[in-house]
Amino acid sequence: MKLLVTGGAGFIGSNFIRHILTTHPDWRVVNFDKLTYAGNLENLRDVESSDGYSFVQGDIADREAVAQLFSDLKPQAVVNFAAESHVDRSILDASAFIETNIKGTQVLLEAAREYAVERFVQISTDEVYGTLGEEGAFTEHSPLVPNNPYAASKAAADLVCRSYWKAYGVPLVITRSSNNYGPYQFPEKLLPVMIRNALNGKELPVYGEGKQVRDWLYVEDNCRALDLVLLKGRTGEVYNIGGDCERRNIEIVNLICDILAARVDEPRSFKELITFIKDPRGAAHDFRYALDCSKLQSELDWKPSVDLEEGLERTVDWYLGNQQWVESVITGEYQEYYQKVYGGR
Ligand code: NAD
Ligand code: DAU
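Report follows, based on the coordinates. The shown structure was predicted, so the numbers you read here are calculated from the model rather than taken from an experiment. (Residues numbered from 1 in each chain as written. Chains lettered and ligands numbered in written order. Predicted model: local features only at pLDDT ≥ 70, side-chain atom pairs only at ≥ 80, totals over all residues. Heavy atoms only, no water.)

With that out of the way, let us pick up the packing of aromatic side chains. Evaluated as defined, the whole model comprises 18 aromatic pairs. Where tyrosine 334 meets tyrosine 338, the ring centres are 6.0 Å apart and the plane angle is 45°; that geometry is what we call tilted. Here tyrosine 334 pairs with tyrosine 338, and both are found in helix α12 (residues 332–342), just four residues apart, close to one helical turn. The same class applies to tyrosine 334 and to tyrosine 338, which are both buried. Among the aromatic residues, those joined into a cluster by ring pairs are Tyr37, Phe186, Tyr207, Tyr334, Tyr337, Tyr338 and Tyr342. The ring of tyrosine 338 has lysine 202 lying over it, and the distance from NZ or CZ to the ring centre is 4.4 Å. (Phe/Tyr/Trp six-rings, centres within 6.5 Å; stacked < 30°, edge-to-face > 60°. Helix = DSSP H or I, 4+ residues; strand = E, 2+ residues; numbered from the N terminus. Buried < 20%, exposed > 50% of the residue type's maximum accessible area, 1.4 Å probe, protein only. Lys NZ or Arg CZ within 6 Å of the ring centre and 35° of its normal.)

If you want it as structure tokens, here you go:
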């Protein structure tokens, strides 16, 4: 198998490449990544010399670069992780989200069409469905009602994908997963922000009252699901991938504080650092996500295997052991971004 992974230097992409190199050691994997602020080759340092792995730097929205890549590699399958992925950044400026997430996906689809790839997996998100109230769960047939520019750009990409399947027969599958967590997540998302700030004795900034609900999925479980979808998912179909693990944000932050407190030499109450701040997402902040994953479970026999307690412990331990990684991926641009979202805290 010659597999093209785009966005493989990011959080989920790097975990996926590691998973594939372990489970399919005979495959050839090419990682095509622009290396934005969120892409970091350090995420793959332990596997970069593996047989069958190679890296090409480039932009999925750059037609010429993508044409060259497909002409050189002639991939049999593509898994498209490459995206601008952070909601808060999309509210500050949507431009890069439209360019990469929509145009970039179309450029890849066009190349996939021309080179007749046998499988194209589009990595989408539960955010395309919009928000839920206290009850219910999204199925693959729920309408697309995105509420922020990131979610809108991913929903648009899903529709472009659908049209390439219907109009040109590009053999694609779309996955929509809930909130992933685990090693190598850039310190702008909830868990790594809280862990880093707690270790530095900084405020733990919880948006609003912390009552929003997310469904937490350990990243390795997502990678297992993606591997199955890549090999056995039905062409033209959408698959939800969720952790069956709904928690309010404040519960997650409290759990992180408890785990950290149990690991430091001098017991400290990290919870004293929790600070409720004005919600930077305002009306665009989705209240609750929950996914019905019965299709994936019944068709591909998948269910999550890492429970929240174990997943959070593994994640906190990884960040404790990799504080140098955290500081190395943070640049001056990050400090500026942090000021804008967190109001100078
Ligand atoms: P991330 O921000 O950690 O990584 C994104 C990667 O894409 C980076 O390596 C970046 O350099 C690369 N990239 C960005 N623009 C590019 C471009 N124009 N050309 C080539 N590479 C480019 O993101 P993530 O959290 O790993 O998410 C990966 C995918 O999964 C995204 O498509 C995202 O929408 C989706 N997703 C993420 C989650 C989550 O909880 N993190 C949940 C559901 C879906
Ligand atoms: O649901 C899938 C989505 O999950 C993916 O499509 C996105 O790429 C990914 O970023 C994630 O989006 P969220 O917006 O849910 O994740 P984030 O970690 O940014 O925020 C989780 C919740 O925590 C959300 O309700 C906002 C809140 N939050 C976040 C941060 C960064 C805080 O209260 N404080 C914070 O500092």
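The next point concerns the pattern of salt bridges. One pass over the structure, following the stated rule, counts 24 salt bridges. For the salt bridge of aspartate 88 with arginine 281, the shortest nitrogen-to-oxygen distance reads 2.9 Å. Of the two residues, aspartate 88 is situated in helix α3 (residues 87–92) and arginine 281 in the loop between β12 (274–277) and α9 (294–300); the sequence distance between them amounts to 193 residues. Judged on exposure class, the residue aspartate 88 and its partner arginine 281 are both buried. In this structure, the salt-bridge partner of lysine 271 is aspartate 258, at a minimum N-O distance of 2.8 Å. One end of the pair, lysine 271, is in the loop between α8 (249–263) and β12; the other, aspartate 258, is in helix α8, and 13 residues separate them in sequence. (Salt bridge = Lys/Arg side-chain N within 4 Å of Asp/Glu carboxyl O.)

Secondary-structure assignment places glutamine 212 in the loop between β8 (204–207) and β9 (213–218). With residues near it in sequence (within four places) discarded, glutamine 212 still touches Tyr207, Arg247, Arg248, Asn249, Asp279, His285, Asp286 and Phe287. (Contact = heavy atoms within 4.5 Å.)

Position of leucine 92 among the secondary structure elements: in helix α3. Sequence-distant contacts of leucine 92, that is, excluding residues within four places in its chain, are made with Tyr337, Lys340 and Val341.

With that out of the way, let us pick up α8. For α8, built from 15 residues, the straight-helix expectation of 21 Å at 1.5 Å per residue is met to within 8% by its first-to-last C-alpha distance of 22 Å. The secondary structure elements touched by the buried residues of α8 are α6 (190–199), β8, β9, β11 (246–248), β12 and α10 (308–321). (Expected span 1.5 Å × (residues − 1).)

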